Amino acid sequence: MTAPKIIALAGSLRKDSFNQKLINEAARFALESGAEVEVIKLADLNLPMFDEDIEAQGTPQGAQLLKDKLRAADGILLASPEYNGSITAVLKNAIDWASRTEQGAVPAFRNKVTALYASSPGGLGGLRGLNHVRDILSGIGSLVLADQLAVPAIHTVLDETGRISDPVTAEKVAGLAQQLVSVTSKLSK
C-alpha cells in the first residue's frame with residue numbers, strides 16, 4: 001500500500017506565524033502516521049492578487065506550482081488564521097488561484113480530503129473563521145472532515161522551537177492529522 005500524499009499549508013505570510021507552527025506540527029504527526037507530507041509556505045509562492053487580466057497573460061509560476069501540488073495530493077492539512085472573524089486574504093487568494101482550471105485539467109481541490117486547524121493567542125483559537133474556510137472548500141469540491149481543531153492561547157503551548165509542549169494539545173493535533181491520513185489511505189486504495 002502506498003503512503004497517502006498530504007500537502008500542509010497555513011494561511012499566513014508572517015515569519016513567526018502561530019498557524020504555520022501549528023501546521024508544521026500537524027505535518028509531523030501525519031508523517032509519523034505513515035503519510036508522505038510536504039509543507040508549503042504561501043510566502044514562498046509569491047502569488048499576486050487574483051486577477052483575470054493577470055491570468056490571461058499566463059498563470060503565475062507560484063499559482064501553477066500550488067495547483068500542481070494540490071492535484072497530486074490525496075489530502076490537505078490546512079491551518080487558517082482568523083482575521084476579523086473570517087479567512088485571511090492571503091489564504092483566500094491562494095484558494096482562488098488554485099481553484100482556477102485550465103481546459104481539461106482537474107480542479108485542484110476536487111475530492112481532496114481536508115483537515116482544518118486554526119490557532120490564535122485569543123480564547124477562541126480562530127474558531128470563527130473555520131466555518132468560512134469549510135464553506136469555501138466544500139463549495140469547490142473538497143471533502144472537509146467533520147472534525148476540526150481550533151487551538152486557543154497557542155503561545156502558551158509552544159516551546160521555543162515551535163513544537164507543541166502541552167501533551168493534551170499535541171494529542172488533539174495528532175488525532176486530527178491521523179484521521180486525515182486514515183481517511184485518505186482508505187479513499188486512495
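Residues numbered from 1 in each chain as written. Predicted model: local features only at pLDDT ≥ 70, side-chain atom pairs only at ≥ 80, totals over all residues. Heavy atoms only, no water.

**Examining the pattern of salt bridges**
Turning to step 1, where the next piece is worked out: Tallying each qualifying case throughout the model produces 11 salt bridges.
Turning to step 2, where the next piece is worked out: One salt bridge connects Arg28 with Glu32, and the closest N-O pair in it is separated by 3.2 Å. Of this pair, Arg28 and Glu32 are both found in helix α1 (residues 18-32), four residues apart, which corresponds to roughly one turn of the helix.
Turning to step 3, where the next piece is worked out: For Glu32, a relative accessible area of 56% corresponds to the exposed category.
Turning to step 4, where the next piece is worked out: Residues Asp68 and Arg71 are paired through a salt bridge, measuring 3.9 Å at the closest nitrogen-oxygen approach. With Asp68 and Arg71 both in helix α4 (residues 61-72) and three residues apart, the pair spans about one turn of that helix.
Turning to step 5, where the next piece is worked out: With relative accessibility at 21%, the residue Arg71 sits in the partly exposed group.
Turning to step 6, where the next piece is worked out: Taken together, the salt bridges that share partners define one network made up of Glu25, Arg28, Glu32 and Arg163. (Salt bridge = Lys/Arg side-chain N within 4 Å of Asp/Glu carboxyl O. Helix = DSSP H or I, 4+ residues; strand = E, 2+ residues; numbered from the N terminus. Buried < 20%, exposed > 50% of the residue type's maximum accessible area, 1.4 Å probe, protein only.)

**A few points about the pairing of strand β1 (residues 5-10)**
Turning to step 1, where the next piece is worked out: For β1, the buried fraction is high: five of the six residues fall into the buried class.
Turning to step 2, where the next piece is worked out: For β1 and strand β2 (residues 36-41), the ladder comprises six bridges, and the chain directions are parallel. Within the sheet, the bridge partner assigned to Ala10 lies in β2 and is Lys41.
Turning to step 3, where the next piece is worked out: In the classification by handedness, the crossover that spans β1, the intervening α1 and the parallel β2 is right-handed.
Turning to step 4, where the next piece is worked out: Alignment of β1 against strand β3 (residues 75-79), held across five bridges, turns out to be parallel. Paired with Ile6 across the bridge in β3 is Gly75. (Pairing = 2+ DSSP bridges. Right-handed = clockwise from strand over helix to strand, strands pointing away.)

**Quick look at the UniProt feature "domain: NADPH-dependent FMN reductase-like" (unreviewed entry) in the protein chain**
Turning to step 1, where the next piece is worked out: As recorded in UniProt, the feature "domain: NADPH-dependent FMN reductase-like" (unreviewed entry) lies at residues 4-154.
Turning to step 2, where the next piece is worked out: Annotation note: span residues 4-154, helix share 40%, strand share 22%, distance between end C-alpha atoms 28 Å. (UniProt positions renumbered as here; feature names shortened; annotations may be inferred.)

**Here we look at the sheet that holds β1**
Turning to step 1, where the next piece is worked out: Strand order in this open sheet of five strands is β2-β1-β3-β4-β5, and the pairing throughout is parallel. Edge positions in the sheet fall to β2 and β5 (143-151), since each of these pairs with one other strand and no more. For this sheet the average axis-to-axis angle between neighbouring strands, irrespective of direction, equals 20°.
Turning to step 2, where the next piece is worked out: On the sheet, α4 packs against β1, β2 and β3 and is oriented at approximately 135° with respect to β1. (Axes fitted to C-alpha atoms, helices over the stretch in contact; angles between N-to-C directions. Contact = heavy atoms within 4.5 Å.)

**Notes on helix α7 (residues 167-187)**
The α-helix winds at 3.6 residues per turn, so residues separated by three or four positions along the chain end up facing the same way.
Turning to step 1, where the next piece is worked out: Taking 1.5 Å as the rise per residue, α7 with 21 residues should run 30 Å; its terminal C-alpha atoms sit 30 Å apart, in good agreement.
Turning to step 2, where the next piece is worked out: Looking only at α7, the buried set comprises Thr169, Ala170, Val173, Ala174, Leu176, Ala177, Leu180, Val181, Thr184 and Ser185.
Turning to step 3, where the next piece is worked out: In this structure, the buried side of α7 is in contact with β1, α1, β3, β4 (113-119) and β5. (Expected span 1.5 Å × (residues − 1).)

**What to know about the environment of Val39**
Turning to step 1, where the next piece is worked out: When you line up the elements, Val39 lands in strand β2.
Turning to step 2, where the next piece is worked out: A residue is classified by how much of its surface remains accessible, and Val39, at 35% relative accessible area, is partly exposed.
Turning to step 3, where the next piece is worked out: The contacts of Val39, once residues within four sequence positions are left out, are Ala8, Gln20, Asn24 and Ala27.

**What about the nonpolar core?**
As a rule of thumb, soluble globular proteins bury nonpolar side chains together.
Turning to step 1, where the next piece is worked out: Judged by nonpolar contacts, the single largest core of 29 residues is most densely connected at Ile23, Leu77, Ala115, Tyr117, Val173 and Leu180.
Turning to step 2, where the next piece is worked out: Mapped onto this core, the elements with two or more residues apiece are β1, α1, β3, β4, β5 and α7.
Turning to step 3, where the next piece is worked out: Looking at this core, the element that brings in the most residues is α7, giving seven residues.
Turning to step 4, where the next piece is worked out: Beyond its immediate stretch of four places on either side in the chain, Ile23 contacts Ala8, Leu9, Ala10, Leu77, Leu78, Ala79 and Tyr117.
Turning to step 5, where the next piece is worked out: Ranked by size, the runner-up nonpolar core spans 27 residues in total, among them Leu66, Leu70, Ala73 and Val133. (Core = buried A, V, L, I, M, F, W, Y, C linked by side-chain atoms within 4.5 Å.)

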